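What follows is the residue order along each chain.
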Amino acid sequence: GAVVSQHPSWVICKSGTSVKIECRSLDFQATTMFWYRQFPKQSLMLMATSNEGSKATYEQGVEKDKFLINHASLTLSTLTVTSAHPEDSSFYICSARTVYNSPLHFGNGTRLTVT
Amino acid sequence: AQTVTQSQPEMSVQEAETVTLSCTYDTSESDYYLFWYKQPPSRQMILVIRQEAYKQQNATENRFSVNFQKAAKSFSLKISDSQLGDAAMYFCAYRRDSGTYKYIFGTGTRLKVLA
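The following refers to the structure shown. (Residues numbered from 1 in each chain as written. Chains lettered and ligands numbered in written order. Predicted model: local features only at pLDDT ≥ 70, side-chain atom pairs only at ≥ 80, totals over all residues. Heavy atoms only, no water.)

### Structural notes on the overall build of chain A
Part 1: Each helix and strand counted, chain A has zero helices and eleven strands in total.
Part 2: Its helices and strands taken in sequence order, chain A reads β-β-β-β-β-β-β-β-β-β-β from the N to the C terminus.
Part 3: Taking 115 residues into account, the globule formula puts the C-alpha radius of gyration at 13 Å, and chain A, at 13 Å, falls close to it.
Part 4: Burial analysis of chain A (115 residues in total) assigns 48% to the buried set. (Helix = DSSP H or I, 4+ residues; strand = E, 2+ residues; numbered from the N terminus. Rg over C-alpha atoms; globule rule 2.2 N^0.38 Å. Buried < 20%, exposed > 50% of the residue type's maximum accessible area, 1.4 Å probe, protein only.)

As structure tokens, this is what we get:
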């Protein structure tokens, strides 16, 4: 089946530093990837939609300069949290699909803790 | 804007019994998809079942079935013969069949299975 690999699984960083999270589709070409943020015991909040080769589309309220998303190839998208602050601590999940009507496949998430 | 509501934050079921998780949604679209996702403690999102809005027949996947009431905008999940491995967070999700095809998730229901 389709596999999405997300790395790292967890990361601890100091306030003010930047952290990059990778999302790879291992056995399919992901034309679209979605990045979600999940707070404890809450739902998945869509942060942005990225299409390969295009600029990401951010949801309202998400700072695009803080959460940099790059989708340079059909198998890799990255989310960079710049100048991280403790309030950025959260669980980040990526998902990917091939064409618009295909199933969504999820990575196993990244737990970010900013100290 | 589309919204998805899960009114049951937590449910419990005895092993081997049946449980129904509720979901309602709001949309003005006529073509869309509905999904139930399971998120176990590993945090990996797993697709349980999906329903196309144009289909009147309720979707079924082994022990999982849905009751799709389009006019009432209701989409409940029934789990039969509950197993300990069914314990997880369950998210109802909506996806329109046009535009960005992004998913909107409900707030989730935590299902506990009692031995």
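There is more to say after this.
### Structural notes on the state of the cysteines
Residue and element names in this part refer to chain A.
Part 1: Applying the stated criterion across every chain, the model contains two disulfides over all chains.
Part 2: Disulfide pairing is shown between Cys23 and Cys94; the S-S distance is 2.0 Å. Here the S-S torsion is close to 80°, and the disulfide linking Cys23 with Cys94 is therefore right-handed. Linking Cys23 in strand S3 (residues 19–25) with Cys94 in strand S9 (residues 90–97), this pair joins segments that are 71 residues apart in sequence. Like Cys94, Cys23 is buried. (Disulfide = S-S within 2.5 Å.)

### Things to note about the packing of aromatic side chains
Part 1: Here the structure, examined in full by the defined rule, presents 18 aromatic pairs over all chains.
Part 2: Taken together through their ring pairs, the aromatic side chains of Phe34(A), Tyr36(A), Phe106(A), Tyr33(B), Phe35(B), Tyr37(B), Phe91(B), Tyr103(B) and Phe105(B) make up a single cluster.
Part 3: Positioned above the aromatic ring of Phe91(A), the side-chain terminus of Arg43(B) is 3.9 Å from the ring centre. (Phe/Tyr/Trp six-rings, centres within 6.5 Å; stacked < 30°, edge-to-face > 60°. Lys NZ or Arg CZ within 6 Å of the ring centre and 35° of its normal.)

### What to know about the interface of chain B and chain A
Part 1: The interface of chain B with chain A comprises 18 residues on the first partner and 20 residues on the second.
Part 2: Considering only the surface of chain B that becomes buried against chain A, Arg43(B), Tyr103(B) and Phe105(B) emerge as the three largest contributors, covering 32% of it.
Part 3: In this assembly, chain B and chain A are joined by one salt bridge.
Part 4: The salt bridge partner of Glu59(A) is Lys102(B), with a shortest N-O separation of 2.9 Å.
Part 5: Scanning the region where chain B abuts chain A turns up five residue pairs in polar contact (both at pLDDT 80 or more).
Part 6: Contributing elements (two or more residues each) for the side of chain B that touches chain A: strand S5 (32–39), strand S10 (88–96) and strand S11 (103–105) of chain B. (Contact = heavy atoms within 4.5 Å. Buried area = accessible area lost by both parts, 1.4 Å probe. Salt bridge = Lys/Arg side-chain N within 4 Å of Asp/Glu carboxyl O. Polar contact = N/O pair within 3.5 Å; in protein donor to acceptor, adjacent residues only side chain to side chain.)

### What to know about the pairing of S3(A)
Residues and elements named next belong to chain A.
Part 1: Residues Val19, Ile21, Cys23 and Ser25 line the buried face of S3, whereas the alternating positions Lys20, Glu22 and Arg24 sit on a face that is not buried.
Part 2: Here strand S1 (residues 4–7) runs beside S3; their pairing, made up of four bridges, is antiparallel. Considered in S3, the bridge of Ser5 is made with Arg24.
Part 3: Where S3 and strand S8 (residues 76–81) come together, six bridges link them in antiparallel fashion. Paired with Val19 across the strands is Val81, a residue of S8. (Pairing = 2+ DSSP bridges.)

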